[in-house]
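Next come the chains, spelled out residue by residue.
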Amino acid sequence: MTKKLLLLLMLFMAIFTVNAQTKEELKAQKAEKQAEADKLQAEANAIQKKIDALPGWRIGAFGTIGGSISNFDKWYSQGTPSNSSGNIGVTVNAYANLKQEKFFWNNALNLNLAWVKMDDKNDPNDDSNFNPTTDVFNISSLYGRRLSKKFAISTLGEYRTTFLNNFNDPGYLDLGVGATWTPVENLFVVIHPANYNFVFAKNDTSFDSSFGCKIVADYTRKIGAVSFKSNFSTFQSYKSSNLSNWTWTNGFSYKLWKMIGVGFDFGLRSNKQETLNYALAQYDLLGGTGPVPNFDSIDNKLQTYWTLGLSYSF
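Worth saying up front: this structure is predicted, and the values here are computed from it rather than measured. (Residues numbered from 1 in each chain as written. Predicted model: local features only at pLDDT ≥ 70, side-chain atom pairs only at ≥ 80, totals over all residues. Heavy atoms only, no water.)

Peer 1: I'd love a proper account of the sheet that holds strand S8 (residues 210-223), names of residues and values included.
Peer 2: Around the barrel, which closes on itself, the twelve strands sit in the order S1-S2-S3-S4-S5-S6-S7-S8-S9-S10-S11-S12 with antiparallel pairing between neighbours. The mean inter-strand angle of the sheet, taken between neighbouring strand axes irrespective of direction, is 20 degrees. Bridge analysis of strand S1 (residues 56-72) against strand S2 (residues 83-99) gives 17 bridges, and the strand direction is antiparallel. By the bridge assignment, Phe62 is partnered in S2 with Asn93. Its contacts with the sheet put helix H2 (residues 272-285) on strand S6 (171-181), strand S11 (260-271) and strand S12 (303-313), and the angle it makes with S11 is roughly 80 degrees. (Pairing = 2+ DSSP bridges. Helix = DSSP H or I, 4+ residues; strand = E, 2+ residues; numbered from the N terminus. Axes fitted to C-alpha atoms, helices over the stretch in contact; angles between N-to-C directions. Contact = heavy atoms within 4.5 Å.)

Peer 1: Residue-level account of the confidence of the model for the protein, with values.
Peer 2: Per-residue confidence for the protein averages 85 on the pLDDT scale, and 91% of its residues sit at or above 70. For the protein, helix H1 (residues 2-53) is the element with the lowest average pLDDT, namely 70, and S6 is the one with the highest, namely 97. (pLDDT = per-residue confidence, 0-100.)

Peer 1: Please set out the pattern of salt bridges residue by residue, giving values where relevant.
Peer 2: With the rule as written, the count across this model stands at eight salt bridges. Note that Glu185 is salt-bridged to Lys99, the shortest N-O span being 3.4 Å. One end of the pair, Glu185, is in the loop between S6 and strand S7 (187-200); the other, Lys99, is in strand S2, and 86 residues separate them in sequence. Overall, the relative accessible area of 42% leaves Glu185 in the partly exposed class. The exposure class of Lys99 is partly exposed, given its relative accessible area of 22%. Of the charged contacts, one joins Lys229 and Asp218 as a salt bridge, the two residues approaching to 2.8 Å between their closest N and O atoms. Of this pair, Lys229 sits in strand S9 (residues 226-237) while Asp218 sits in strand S8, placing them eleven residues apart in sequence. Like Lys229, the residue Asp218 is buried in the burial classification. Taken together, the salt bridges that share partners define one network made up of Glu158, Arg160, Asp174 and Lys214. (Salt bridge = Lys/Arg side-chain N within 4 Å of Asp/Glu carboxyl O. Buried < 20%, exposed > 50% of the residue type's maximum accessible area, 1.4 Å probe, protein only.)

Peer 1: Tell me about the packing of aromatic side chains, and name the residues and values.
Peer 2: According to the stated counting rule, one finds 14 aromatic pairs in the structure shown. Within the aromatic cluster, the residues linked to one another by ring pairs are Phe137, Tyr159, Phe163 and Phe167. (Phe/Tyr/Trp six-rings, centres within 6.5 Å; stacked < 30°, edge-to-face > 60°.)

Peer 1: Can you explain H2? Please cite residues and give values.
Peer 2: Here H2 contains 14 residues, and its C-alpha end-to-end distance of 20 Å stays within 8% of the 20 Å for a straight helix at 1.5 Å per residue. Structurally, H2 contributes buried residues whose contacts are with S6, S11 and S12. In this structure Asn271 caps H2, since a side-chain oxygen of it lies 3.0 Å from the backbone nitrogen of Gln273. Note on H2: the residue one or two positions beyond its end, Gly287, has a positive phi of about 95 degrees. (Expected span 1.5 Å × (residues − 1). Polar contact = N/O pair within 3.5 Å; in protein donor to acceptor, adjacent residues only side chain to side chain.)

Peer 1: Account for the side chain of Asn110, naming residues and giving values.
Peer 2: Inspection of the secondary structure puts Asn110 in strand S3 (residues 103-120). Exposure remark for Asn110: the relative accessible area of 9% places this residue in the buried category. Looking at Asn110, its side chain comes within polar contact range of the side chain of Asn93, at 2.9 Å. In this structure, Asn110 is in contact with Val92, Asn93, Val136, Phe137, Asn138, Thr249 and Tyr305, ignoring residues within four places of it in sequence.

Peer 1: A description of the environment of Val292 should follow, citing residues and the corresponding values.
Peer 2: Assignment of secondary structure puts Val292 in the loop between H2 and S12. Sequence spacing of Val292 and Gly56 is 236 residues, and the spatial spacing of their C-alpha atoms is 55 Å. Ignoring any residue separated from it by four or fewer positions in sequence, one finds Val292 in contact with Leu280, Tyr283 and Ser297.

Peer 1: Quick rundown of the nonpolar core? Include the residues and the values.
Peer 2: One broad trend across soluble globular proteins is that nonpolar side chains are buried collectively. In this structure, Phe104, Leu142, Ala152, Leu156, Phe188, Val190 and Val216 together form the largest nonpolar core, which totals seven residues. Discounting chain neighbours no more than four positions away, the residues touching Phe104 are Leu98, Leu142, Tyr143, Gly144, Arg146, Ala152 and Thr180. Leu276, Leu280, Phe295 and Ile298 belong to the second-largest nonpolar core, a separate cluster that totals five residues. (Core = buried A, V, L, I, M, F, W, Y, C linked by side-chain atoms within 4.5 Å.)

Structure below.
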């Protein structure tokens, strides 16, 4: 009996030793292959840098699609027991940049749209359509003539408005000249001290065009499965600080499979003219009682938006 137990123990030890050796061998093989893969990836990245440095067009786009729909019938525990609701949102960040030895031409589009509906089936007079809730449209074009590798004289045209409702009311068109600094690849900083901000609006009380300084910082990058774009744009009026404004938008996309992934967009904005226009509209809606809103009396709160959902990129 003792001999049998001894033989069985030796057998288990032999099996354990063989398995341990096999596991260590596989780990060693994996480490060797990983080292080879890292070396090849480094060589591929070096080649890609050379490709990125070549003259020519760089064209791409990515964005986010988010949404949900629901339907309730006689769900009496809620305030509206029978309803159908939904929301849909889509963002687009597209660019077409031409890079040459002596000049560059960068073009960008940012579009953020969203709709929402709430249909009360027991109320035949309610609005059952999808109505826009988020509405951002921004397009820009920057041309620069190089003075050196990192500096250029440049001219910029940028147009911002809403797309679904009140198109060009207000609308902002910036046209100016100055200099552009490109300290690193994919980043450009625009400083145009000679810029005119054209404002198009039906309400002349709130909006006014003026001369001022335009500053833009834009960074667009794609690293593996991650695409992102950050853009900060501000106009500082020489006429009055009430006519100045700034906008900061950001878009991120992580590719999971082919062109599909997860995306997140958010934006911040400050514009005192828009705040006054909204305050005047609310003043009229309430019957025009009390002091009339003006630039000194309004609270210019920060404007924000964000979108989270499925993303696409190409």
